[in-house]
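The chain contents come next:
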Amino acid sequence: MKKIIIVRIREMVMGGISKTAVDLLKNLDNKKYKIVFFIERDLEENNCFLDEIPKEIDIYFLKNYESIKKIEEVSLKKKKIFFNIKYNLLREYNRYISNKKFLNFLKKNEEIKAIIDFDMGLAKNIKQYKKYKTIAWIHNSILDWGKTQKRIDSTKKILSNYKKIVCICSEMRDQLVVMDKNLSFKIKIIYNNIDLKKIKKLQLEKVDEDEKILLREKYILTVSRLDLQQKDYLTLIKGYCKAKEKGFSDKLYIIGDGKDKERILALIKELKLENDIKLLGKKNNPYIWMKNAEFYILSSFYEGLPTVLIEALVCGKPIVASNCRTGVKEILANERNGILFEKGNIEDCCDKILEMNKKKEEFIEKLDKNLEIFNNNNYQKNLKLILESEEN
């Protein structure tokens, strides 16, 4: 009988973590192991990337859509004491049911090789799983999890209860070791997997007539979830607006969808940029748009290892990016592959857009062509090492 590898994630939405979860599932050895994918929240039509998951993998949802929707409806009224109590009770009940389903699966299946906690959703209850090989997969800077000593101590304690820890860039690993040197023996760096050949092939796909018209324009591009809390579209749009006032003529195309779409559209309207900024929605193939862009721009407050920047480099595009933690500086390679601006700084964002507009040909000449560190073979090799390694 095959041993079981469990991968668990909170939800599958449009974004980097969900996309990299699919890459992980594709690269786990389903001939050697039975792979089971647990998704905490079923978002029905808003689930993303499920059709890309190999058919041999079993998928289980822990919370159904009706219960999630009910909690969201009650949350809108929780300023009133009754609804606040009801909201907290519903959340706790759903958490209890979800945890019970997961534990029942573990009890019925003895041959568990590893539990990969892909977004650390098990962190609060990780002690319940101490008999298993639990692997925490960290996607962003631990310095953004909380800045008080109490929060740092709590993070150290939680991570110490995992058997192994995956960091997706060296900056992230260094932060953990500084926080607690005792974690160093548990850590393995596994860069996000990039299928270089696939990206180069997809750049050449055909598009429909409406898309051809948009692609003929000169534009800069960003691809991400429409989330103001992390992606900082306010700085990007206001910085772009200032650049336009100083003579910058390229359009700004935004690929992606998310909860803050209406707020972003409202800001675009307020600044009278409806003809200059285009929200293109979800695109299954963003690489055609990357290939035809003048350059790529990222404005996040924080990241992990922003795969989208590596994809932009594969498409031959220089980058303007905020100097956020983590991974951005590593990818830009001491500004060989692009220019950094101070995160949240509208003026600096504007200045760097204008600077890249002048220097983009220079940057294209010196772009890093050696991206093999992110290639599939290295990913599979490192994945095998952490799964087969002895527990300490």
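Residues numbered from 1 in each chain as written. Predicted model: local features only at pLDDT ≥ 70, side-chain atom pairs only at ≥ 80, totals over all residues. Heavy atoms only, no water.

(A) Geometry of the environment of Glu40. With respect to the helices and strands, the residue Glu40 is situated in strand β2 (residues 33–41). Once the C-alpha coordinates of Glu40 and Thr307 are considered, the two residues, 267 residues apart in sequence, prove to be 24 Å apart. Excluding residues within four positions of it along the chain, Glu40 makes contact with Arg8, Ile9, Arg10, Leu62, Lys63 and Ser98. (Helix = DSSP H or I, 4+ residues; strand = E, 2+ residues; numbered from the N terminus. Contact = heavy atoms within 4.5 Å.)

(B) Summary view of the environment of Asn275. When you line up the elements, Asn275 lands in the loop between α10 (261–270) and β10 (277–281). A relative accessible area of 58% places Asn275 in the exposed class. In this structure the C-alpha to C-alpha distance between Asn275 and Leu252, which are 23 residues apart in sequence, comes to 9.7 Å. (Buried < 20%, exposed > 50% of the residue type's maximum accessible area, 1.4 Å probe, protein only.)

(C) Structural view of the pattern of salt bridges. Here the structure, examined in full by the defined rule, presents 25 salt bridges. Across the salt bridge formed by Glu388 and Lys32, the nearest N and O atoms sit 3.2 Å from each other. You can see Glu388 sitting in helix α15 (residues 376–388) and its partner Lys32 sitting in the loop between α1 (16–27) and β2, a full 356 residues away along the chain. Given a relative accessible area of 31%, Glu388 falls into the partly exposed group. Exposure remark for Lys32: the relative accessible area of 43% places this residue in the partly exposed category. For Lys212, the salt bridge goes to Glu209, with nearest N and O atoms at 3.2 Å. Within this pair, Lys212 and its partner Glu209 are both found in helix α7 (residues 209–215), separated by three residues, close to a single helical turn. Connected through salt bridges with shared partners, the residues Arg225, Asp227, Lys259, Asp260 and Arg263 form a single ionic network. (Salt bridge = Lys/Arg side-chain N within 4 Å of Asp/Glu carboxyl O.)

(D) Local environment of a positive patch on the surface. There is a patch of like positive charges on the surface, built from Lys70, Lys77, Lys80 and Lys86. Checked against the element boundaries, Lys80 lands in the loop between α2 (65–75) and α3 (81–108). (Patch = residues over 30% accessible without salt bridge, like charges linked within 9 Å, V, L, I, M, F, W, Y side chains within 5 Å. Areas by Shrake-Rupley, 256 points an atom, 1.4 Å probe, with all protein chains shown as cover. Lys, Arg positive; Asp, Glu negative; His and termini not counted. Charge placed at Lys NZ, Arg CZ, Asp CG, Glu CD.)

(E) Main features of the side chain of Gln230. In this structure, Gln230 sits in helix α8 (residues 228–231). Classification of Gln230 as buried rests on a relative accessible area of 10%. Reaching out from Gln230, the side chain makes a polar contact with the side chain of Arg225 at a distance of 2.8 Å. In this structure Gln230 touches Arg225, Ser300, Phe301, Tyr302 and Glu303, once residues within four positions along its chain are discounted. (Polar contact = N/O pair within 3.5 Å; in protein donor to acceptor, adjacent residues only side chain to side chain.)

(F) Geometry of the packing of helix α9 (residues 233–245) against α10. One can describe the packing of α9 onto α10 by two numbers: an axis separation of 11 Å at closest approach and a directional angle of 20°. Comparing the axis directions of α9 and α10 gives the class roughly parallel. Relative to α10, α9 is oriented so that their crossing is right-handed. Between α9 and α10, the residues in contact are Tyr233, Leu234, Ile237 and Lys238 and Ile264, Leu267 and Ile268, respectively. The class makeup of the residues in the contact of α9 with α10 is six nonpolar, no polar and one charged. (Axes fitted to C-alpha atoms, helices over the stretch in contact; angles between N-to-C directions. Parallel < 35°, antiparallel > 145°, perpendicular 65-115°, else oblique. Left-handed = near helix turned anticlockwise from the far one by under 90°. Nonpolar A, V, L, I, M, F, W, Y, C, P; charged D, E, K, R; others polar.)

(G) Geometry of the packing of aromatic side chains. For the structure shown, the criterion picks out twelve aromatic pairs. Ring centres of Tyr60 and Phe105 lie 5.7 Å apart, and the angle between their planes is 55°; on these two criteria the pair is classed as tilted. With Tyr60 in strand β3 (residues 58–63) and Phe105 in helix α3, the pair connects residues that are 45 residues apart, well separated along the chain. What makes Phe105 buried here is its relative accessible area of 12%. Ring-pair connections join several aromatic residues into one group, and the members of that group are Phe38, Tyr60, Phe102, Phe105 and Tyr129. (Phe/Tyr/Trp six-rings, centres within 6.5 Å; stacked < 30°, edge-to-face > 60°.)

(H) Representation of unusual backbone geometry within the structure. Here the residue pair Arg325 and Thr326 is connected by a cis peptide bond, since its omega of -10° sits within 30 degrees of zero. A positive phi angle, close to 50°, is found at Ala333, a residue other than glycine. As for its position among the elements, Ala333 is in the loop between α13 (328–332) and β13 (338–341). Classification of Ala333 as partly exposed rests on a relative accessible area of 27%. Even without being a glycine, Glu335 presents a positive backbone phi close to 65°. Structurally, Glu335 is set in the loop between α13 and β13. Accessibility expressed as a relative area gives 34% for Glu335, which makes it partly exposed.

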